[in-house]
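# Structural characterization, general
In case you want the letters, here they are:
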Amino acid sequence: MEFDFADEQPKLLMLMYGLVAFVLVVGGLLLLLDVVPAWFARRREAQLVAASTGGAPLPRRPRQREGLFALFFLLPTLLLLTVGLIVPAIRTLLLSLMNGSSTEWVGLRNYGFLFSDDAMLRVLINTLVWVLLVPLVATGFGLIYAVLVDKARFEAVAKSLIFLPMAISFVGASIIWKFVYAYRGEGDQIGLLNQIVVSLGGEPKQWLLESPLNTLLLIVIMVWIQAGFAMVVLSAAIKAIPGDIVEAARLDGVSPWQMFWQITMPSIRPALIVVMVTLTIATLKVFDIVRTSTNGNYDTSVIASEMYNQAFRYGQNGQGSALAVLLFILVIPVVIYQIRNLRQQREG
Amino acid sequence: MTTATPTVAAGTQKTDGTPSTTAGRVRKRLNSRTATLVSIVIAVVWTIPTFGLLVSSLRPEDEIKTTGWWTAFTNPQFTFENYEQVLFGRSASSGQLAGSFINSLAITIPSVLFPLAFACLAAYALAWINFRGRDWVYIAIFALQIVPLQMALVPLLKFFSTGVTLGGVTVMPAWDLVDEQKFAQVWFAHTCFALPFAVFLLHNFISQLPGDLMEAARVDGATHPKIFRTIVLPLITPALAAFAIFQFLWVWNDLLVALIFAGGTDETAPLTVRLAEMAGTRGNEWQRLTAGAFVSIVVPLIVFLSLQRFFVRGLLAGSVKG
């Protein structure tokens, strides 16, 4: 009945292989880059010596080998990106135009399915709710907290506590919150939320089964994780506001409220946009929370979790790929917005 | 940082014509007191769910299932039984998380090292080697950041299982991996998916190194590999640490990639996959779920708390500088 360490040895051996491969590949590449130029240099020296003693024609100046160096430095990255990302992405694009088992072309039928099927429309609406709420609430909370804590004692500790969920996996966070939402039909409640409801005189509920409330409760998990990120970035931005601006405003006698809206907000606008954009993209791709909490049941599915179910559980490669492409298409405008903002910032 | 706003309150008082600076001072102190109090209350509320999980994981099974964890303070009964069960128990229902823990380690370590090394080399080339089309390569890699990894999952899995044939010629045979060999697939996938961001982040740091330094080394006859090893690497250690922590947390906490490429069997499943499965099939076995969740949380928590400085620096460099 005891845990047997011997069973684990093949895995550790595999880890060893991985590390050896790492040393060989990276070490080999560096060695190659060291040895080859040295060899070229030696050959050229020999040619020069031969030329000066034997009157042989002087060798031509060596061509610029910068490009060759760059190629070797970039080789692993370019190779892996091509094989692991670019080619698969193009293939996904093609698969989204084919049927479930990828045997014949069906045109845009998979996309038609996404926008006509009732269950799919539910998925799209859920995703929209996620994308609207998470960035807004998390950023808003992060901002308020960053301002609040900016003049508080114990600032470092308080910030760490908010930031801590960032280190917890979405799976771990989902279990933590599932426990908060836990329900018992009779006797004492073991979930904190139901306990609070009961002590306020309400009836305990199976929170995760009640649509559309369950989607909101899952969103709480995401906000709980991401608010720390928003807070840290915005707090750094607030601290970076030049002291003389604050000083000048203070001499003009502005109220804290005016200070916030007229000094703080404009100064941290770039950071604010970056946080919102980052959170929007992360929210679009949210998968783990839905998968762990409800597995996409009870009307909680979102694009990323539905994509997994379609492609890897139901074997519907076409519809799964179409969902992936949709995800990609939705990310693009967000990124364009950010790039435009960055450019304005640099020019301004 | 006790700056601006409290003193502003005092300032407004003066313009109001109230002479009593004591009142101003009292108000200022009250203001910052309230702020401190509110921020501490919020921080505590934020921590309660995690704290409840920790307390529960130490309670006996019967207690967890029948009473709330908050009653543990009036009726303290604690045990490590849950952890023993969930880590080392041999019955199918217990979790066997010790094995998954090793899987998580075996998956994470190479998945951090490979992209770190490759991205470092690429970022150096893009920042300091002059070659034609450099900007285009950089823009292409930068742009790849926005491709969601969902776009690559289906074809990449097929690539591993059936290999590549171009016009009837096998360019690359199927990998045909079994059991623990499937880790290699996960390493490969994580490395590919991490590279665009890694190159971007490290390029931010490497391109800001002083150009004079490189120039001087070039004049002394140092080749690019030499400059890279002796000058660049030591200088960007903080950046390397920042990315390593990022990638470590990302891979350790990842569910999707492991779910697809580790094969999903208990043999190779990392903690996240195992836990997600337990939450689905044994959703009421709270004695196992709470202890299991804490086992999966503890390593990233330690890494995070001890290296928070690097992490925050990386976060700010990655997100704000753009």
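Here is what the cut-offs are and how they apply
Residues numbered from 1 in each chain as written. Chains lettered and ligands numbered in written order. Predicted model: local features only at pLDDT ≥ 70, side-chain atom pairs only at ≥ 80, totals over all residues. UniProt positions renumbered as here; feature names shortened; annotations may be inferred. Helix = DSSP H or I, 4+ residues; strand = E, 2+ residues; numbered from the N terminus. Rg over C-alpha atoms; globule rule 2.2 N^0.38 Å. Contact = placed C-beta atoms within 7 Å. Axes fitted to C-alpha atoms, helices over the stretch in contact; angles between N-to-C directions. Parallel < 35°, antiparallel > 145°, perpendicular 65-115°, else oblique. Left-handed = near helix turned anticlockwise from the far one by under 90°. Nonpolar A, V, L, I, M, F, W, Y, C, P; charged D, E, K, R; others polar. Core = buried A, V, L, I, M, F, W, Y, C linked by C-beta atoms within 7 Å. Buried ≥ 20, exposed ≤ 12 C-beta atoms within 10 Å, placed from the backbone.

- In the annotation of an unreviewed UniProt entry, the entry for chain B reads Carbohydrate ABC transporter permease, and the organism field reads Micromonospora tarensis.
- Turning to chain B, the UniProt annotation filed under Sequence similarities (unreviewed entry) states: "Belongs to the binding-protein-dependent transport system permease family."

- In the annotation of an unreviewed UniProt entry, the entry for chain A reads Sugar ABC transporter permease, and the organism field reads Micromonospora tarensis.
- Under the UniProt heading Subcellular location (unreviewed entry), the note attached to chain A is "Cell membrane".
- The Sequence similarities (unreviewed entry) comment attached to chain A in UniProt states, word for word, "Belongs to the binding-protein-dependent transport system permease family."

## Remarks on the overall build of chain A
- Across its full length, chain A holds 14 helices and 0 strands.
- Secondary structure elements of chain A occur, N-terminal to C-terminal, as α-α-α-α-α-α-α-α-α-α-α-α-α-α.
- Since a compact globule built from 348 residues should have a radius of gyration of about 20 Å, the 29 Å found for chain A marks it as more spread out than a globular shape.
- For chain A, the spread of C-alpha atoms along the principal axes amounts to about 105 × 70 × 55 Å.
- Expressed as a percentage of contacts within chain A between residues at least 6 apart in sequence, the contacts between residues at least 24 apart total 66%.

## Some thoughts on the UniProt feature "transmembrane region" (unreviewed entry) in chain B
Residue and element names in this part refer to chain B.
- If you check UniProt for "transmembrane region" (unreviewed entry), the listed places come out as residues 35-55, 105-129, 136-157, 187-206, 227-252 and 291-312 in our numbering.
- Across residues 35-55, helical content stands at 100% and strand content at 0%; the span's end C-alpha atoms are separated by 29 Å.
- Within the segment residues 105-129, helix and strand shares are 96% and 0% respectively, and the terminal C-alpha atoms sit 36 Å apart.

## Notes on the environment of V55 of chain B
Residues and elements named next belong to chain B.
- The topology assignment puts V55 in helix 2 (residues 21-57).
- A sequence separation of 25 residues divides V55 from F80, and the C-alpha atoms of the two residues are 11 Å apart.
- Aside from chain neighbours lying at most four places away, what touches V55 is W69 and A72.

## Focus: the packing of helix 2 (residues 66-95) of chain A against helix 7 (residues 150-162) of chain B
- Packing of helix 2 of chain A against helix 7 of chain B leaves a shortest axis separation of 7 Å and a crossing angle of 90°. For the element pair helix 2 of chain A / helix 7 of chain B, the angle class is roughly perpendicular. Between helix 2 of chain A, through G84, L85, P88, A89, R91, T92 and L95 of chain A, and helix 7 of chain B, the contact on the second element is made entirely by M151, A152, V154, P155 and L156 of chain B.

## Focus on the packing of helix 13 (residues 271-281) of chain B against helix 14 (residues 286-306) of chain B
All names here are of chain B.
- One way to put it is that helix 13 packs onto helix 14 with a least axis distance of 10 Å and a crossing angle of 160°. Our classification of the angle between helix 13 and helix 14 gives roughly antiparallel. Crossing handedness for the pair helix 13 and helix 14: left-handed. The segment helix 13 lies against helix 14, with L271, T272, L275, M278 and A279 engaging R288, L289, G292, A293, V295 and S296.
- Broken down by class, the residue content of the contact of helix 13 with helix 14 amounts to 7 nonpolar, 3 polar and 1 charged.

## Re the nonpolar core
- Judged by nonpolar contacts, the single largest core of 177 residues is most densely connected at L234 of chain A together with Y124 and L202 of chain B.
- When residues of this core are assigned to their parent elements, the largest contribution, 20 residues, is made by helix 5 (residues 97-128) of chain B.
- What L202 of chain B contacts, discounting residues up to four positions off in sequence, is A119, C120, A123, I236, A239 and F243 of chain B.

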